[in-house]
Amino acid sequence: MSIEVSNESGIDVSEAELISVARFVIAQMQVNPAAELSMVLLDTAAMADLHMRWMDLPGPTDVMSFPMDELEPGGRPDAAEPGPAVLGDIVLCPQFAAEQAAAAGHDLEHELAMLTVHGVLHLLGYDHAEPDEEKEMFDLQRRLLEDWYAGQAELYHKTRQSERDRHLLDNTSRFLHSDES
């Protein structure tokens, strides 16, 4: 999975976290692991320009998705094995997202992770124009984000346990070597 991130927003964000959540969603949605994704982070002026040019809507927005190859989650059962593909581009506006995060009572990192999930789902053909589509997409978005956070927590605890084990072994080694003197 190739994921490129270009931060042109002027706001410092964790690119590693954006890549992690995008990679997780793509894997969960059974997209070919050789697929490519591009993520661009823009300031509000550049996002407003893009929003007007592509959606004919004034002002900036939080996320826009530009699919490249037609992909569906898991593919069709009767289709040949899918090859690598370019999913497309996700464009995020961290400044706009920060305002939404503050209004929702959570941090920018959470908002950007949620918007990354949202953007990937759009690249895979999900939409929320109709009420039933909105329910399906937002339920899936919530579940994927919860699962990603659960995986991050598990990874954190495993890392902490490894650090504790290493510390214990180091101390045990020192104790054993001090007996030899």
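Here, the structure is the one placed above.
Parameters at a glance
- Residues numbered from 1 in each chain as written.
- Predicted model: local features only at pLDDT ≥ 70, side-chain atom pairs only at ≥ 80, totals over all residues.
- Heavy atoms only, no water.
- Axes fitted to C-alpha atoms, helices over the stretch in contact; angles between N-to-C directions.
- Helix = DSSP H or I, 4+ residues; strand = E, 2+ residues; numbered from the N terminus.
- Left-handed = near helix turned anticlockwise from the far one by under 90°.
- Contact = heavy atoms within 4.5 Å.
- Phe/Tyr/Trp six-rings, centres within 6.5 Å; stacked < 30°, edge-to-face > 60°.
- Buried < 20%, exposed > 50% of the residue type's maximum accessible area, 1.4 Å probe, protein only.

Colleague: Can you walk me through the packing of helix 1 (residues 15-28) against helix 4 (residues 108-123) in this structure?
Modeller: A pair of packed helices can be characterised by two numbers: the angle between their axes and the separation between those axes. Axis separation between helix 1 and helix 4 bottoms out at 9 Å; the angle between their running directions is 35°. As helix 1 packs across helix 4, the resulting crossing turns out to be right-handed. Here E17, L18, V21, A22, V25 and I26 of helix 1 come into contact with helix 4, specifically with E109, L112, A113, T116, V117 and V120.

Colleague: I'm lost on the packing of aromatic side chains in this one. Help?
Modeller: The way to describe two aromatic rings as a pair is by their centre distance and the angle between their planes. Using the criterion set out here, one finds two aromatic pairs in the structure. Relative to F66, the ring of W54 has its centre 5.4 Å away and its plane inclined at 70°; by these criteria the two rings are edge-to-face. Of this pair, W54 sits in helix 2 (residues 44-55) while F66 sits in strand 3 (residues 63-67), and the two are 12 residues apart along the sequence. When its relative accessible area of 54% is taken as the criterion, W54 is described as exposed. By relative accessible area, which is 17% here, F66 ends up buried. Between W148 and Y149 the ring centres are 5.0 Å apart and the planes differ by 55°, which places this aromatic pair in the tilted class. Relative accessible area serves as the criterion here: at 31%, Y149 is assigned to the partly exposed category.

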